[in-house]
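Summary of the model geometry
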Amino acid sequence: MKDNPPSFILSAYFPPSYDFAKDVYYIVNSWPRPRSLYTAIMAEARDTQSGAWVDQRGPDARIKIRNDIPIPEPGTCEVLIKLSCSGVCHSDVHNMFGNTPMTADIGGHEGVGHVVKLGTNVPHDLLQKRVGVKWLHTYCKQCEICAVDVTACPNQHNSGRDVPGTFQQYTLSPVEGLTIIPDALDDVVAAPLLCAGLSMYGSISRAGLKEGEWLVLTGAGGGLGHLGVQIAREKGLKVIAIDTGEQKRNLCLKLGATSFLDFKSDDVETRVKELTNGYGAHAVISTAGPAAYAQSFRLLRNCGTLVCVGLVTDNLTVSPFELLKRALRIVGSSVGTPEHLEELLEMAVQGKVKPVVQVRAFEDLDDVLRELAAYQVEGRIVIKIPS
Ligand SMILES: [Zn+2]
Ligand SMILES: [Zn+2]
């Protein structure tokens, strides 16, 4: 963590909104503050905190910043975390506007912070550790599904869905749900890896591709997609990135896409066939809206795989006849496993995967969620949590 630089140094040597060392664009001019035992003690002395309360979940939902939210007490095998930032995910939009079931009043599941209080039965060396809080809050570890893939556990709980999430100053996490953040990664760079990056790592792994095979990524310039381009490139895949606009074209090609197709101006189906010897891609991973899903079967070669990772509630339109005739596979993938996250963080430490991050103020969260709903965000927005 960096100390706050004196303001005269900041204004003399750095544009206030851009951190060259981290390659992060700051809309708010706030620097990570140093952690100390003193702040940990102060944290324990307070009993209320600020949080982004979802008022009236559903189409008219609004975020209200409240300052009277009780700071919870960690129970057995739990820790209290003081958050410094949180990424904002498209599933937060769906939860807030009622498209997917949310029972918690505070969303968010890409949080980074420090452990400031331990419950019972928790190793003492976790105090002050810098950790990440993810979508998968708990899973049962006892069911037959957990034995195959814990991310599909029917008994799971999720941050920001049915337990209060990371859009607040303090949150609880069970010890087994924590991710230790490697020293080499800054808070705002690590945050988007915890859901966006992990979701892409999981979906690319579940596509079951071999090196040199073709992967179509729809929504490639977005929060998930731009990380998917980098992960796929590192796994030796050839990526056809689909999105729209010059900015997203430049971003995707810079990050290692083999080709970029603009869905507004290119004949996507013809171009994908041309690039893939007339067969289509080995896999399509869709992180975009309903139109991208509808087109995806026409971009696949026979024996190809569609991986659904973008949250769309419309039905897929494919007949069993087409599926069997072409031997297609459809796979659902929410987030990746703990092992996937370990591999992804290692890629990030080595500089092979790097989120494109915009940092925004906590008070902007309502606007940010609306921008996400309108697919207006390039890369990932991370909000700074006030200390
Ligand atoms: Zn997410
Ligand atoms: Zn389970």
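Residues numbered from 1 in each chain as written. Chains lettered and ligands numbered in written order. Predicted model: local features only at pLDDT ≥ 70, side-chain atom pairs only at ≥ 80, totals over all residues.

It is worth spelling out the pairing of strand β13 (residues 238-243) at this point. The side chains of a regular strand alternate between both faces of the sheet. When you tally the buried positions in β13, you get 6 out of 6 residues, the bulk of the element. Of the pairings in the sheet, the one linking strand β12 (residues 214-218) to β13 comprises 5 bridges and is parallel in character. Opposite Trp214, over in β13, you have Lys238 as the bridge partner. Taken together, β12, helix α6 (residues 225-234) and β13 form a β-α-β motif whose crossover is right-handed. With helix α7 (residues 246-254) bridging β13 and the parallel strand β14 (residues 259-262), this β-α-β connection has right-handed handedness. (Buried ≥ 20, exposed ≤ 12 C-beta atoms within 10 Å, placed from the backbone. Helix = DSSP H or I, 4+ residues; strand = E, 2+ residues; numbered from the N terminus. Pairing = 2+ DSSP bridges. Right-handed = clockwise from strand over helix to strand, strands pointing away.)

Let's shift gears to the nonpolar core. Counting 94 residues, the largest nonpolar core has Leu215, Leu217, Ala241 and Ala281 as its most contacted members. Both domains that meet at this core, namely domain 1 (46-181 + 357-384) and domain 2 (196-332), each give it at least three residues. Look past the residues within four positions of Leu217 in its chain and what remains in contact with it is Gly225, Gly228, Val229, Ala232, Val239, Ala241, Ile242 and Ile285. (Core = buried A, V, L, I, M, F, W, Y, C linked by C-beta atoms within 7 Å. Domains from an automatic or database assignment. Contact = placed C-beta atoms within 7 Å.)

Turning to the packing of helix α5 (residues 196-206) against α6, a few remarks are in order. The axes of two packed helices give the description: the angle between them and the distance between them. Contact pair α5 / α6: the axes reach a minimum separation of 9 Å and the direction vectors enclose 45 degrees. In terms of orientation, α5 and α6 fall into the oblique class. Here α5 and α6 pass one another in a crossing that is right-handed. Packed against α5, whose contacting residues are Ala196, Gly197, Met200, Tyr201 and Ile204, the element α6 presents Leu227, Gly228, Ile231 and Ala232 at the interface. A per-class count over the contact of α5 with α6 returns 7 nonpolar, 2 polar and no charged. (Axes fitted to C-alpha atoms, helices over the stretch in contact; angles between N-to-C directions. Parallel < 35°, antiparallel > 145°, perpendicular 65-115°, else oblique. Left-handed = near helix turned anticlockwise from the far one by under 90°. Nonpolar A, V, L, I, M, F, W, Y, C, P; charged D, E, K, R; others polar.)

We now examine the sheet that holds β12. Pairing within the open sheet is parallel, and its 6 strands lie in the order β14-β13-β12-β15-β16-β17. The open sheet has two edge strands with one neighbour each: β14 and β17 (329-332). Neighbour to neighbour, the strand axes of the sheet diverge by 20 degrees on average, direction disregarded. Alignment of strand β16 (residues 300-308) against β17, held across 4 bridges, turns out to be parallel. Along β17, the bridge assignment pairs Thr305 with Arg329. Each of β12, β15 (281-286) and β16 touches helix α9 (residues 290-299); the most contacted strand, β15, lies at about 175 degrees to it.

Counting buried positions along β15 gives 6 out of 6 residues, so the element sits mostly inside the fold. In the sheet, β15 pairs with β16 via 5 bridges, with the strands oriented parallel. Paired with Val284 across the two strands is Leu306, which belongs to β16. Crossover connection from β15 via α9 to parallel β16: handedness right-handed.

If you check the backbone angles, Cys303 has positive phi at about 70 degrees while not being a glycine. Within the secondary structure, Cys303 is located in strand β16. Here the phi dihedral of Ala327 falls at roughly 55 degrees; this positive angle occurs in a residue that is not glycine. Here Ala327 shows up in the loop between α10 (320-326) and β17.

In this section: the environment of Val188. By the secondary structure assignment, Val188 is in helix α4 (residues 187-190). The buried category is assigned to Val188, around which 25 C-beta atoms lie within 10 Å. In sequence terms Val188 and Ile381 are 193 residues apart; their C-alpha atoms lie 9.2 Å from each other.

Burial of α5 is extensive: 10 of the 11 residues sit out of reach of the surface. The set of residues buried in α5 consists of Ala196, Gly197, Leu198, Ser199, Met200, Tyr201, Gly202, Ser203, Ile204 and Arg206. Phi turns positive, to about 65 degrees, at Gly208, one or two residues after α5.

The next thing to look at is the packing of α5 against helix α11 (residues 338-349). Interaxial distance between α5 and α11 falls to 9 Å at its minimum, and their mutual angle equals 110 degrees. Overall, the two elements α5 and α11 adopt an arrangement that is roughly perpendicular. Helix-helix and strand crossings are classified by hand; for α5 and α11 the assignment is right-handed. The segment α5 lies against α11, with Gly197, Leu198, Tyr201, Gly202 and Ser205 engaging His340, Leu341, Glu343 and Leu344. The class makeup of the residues in the contact of α5 with α11 is 4 nonpolar, 4 polar and 1 charged.

No statement about biological role is implied by the geometric values presented.
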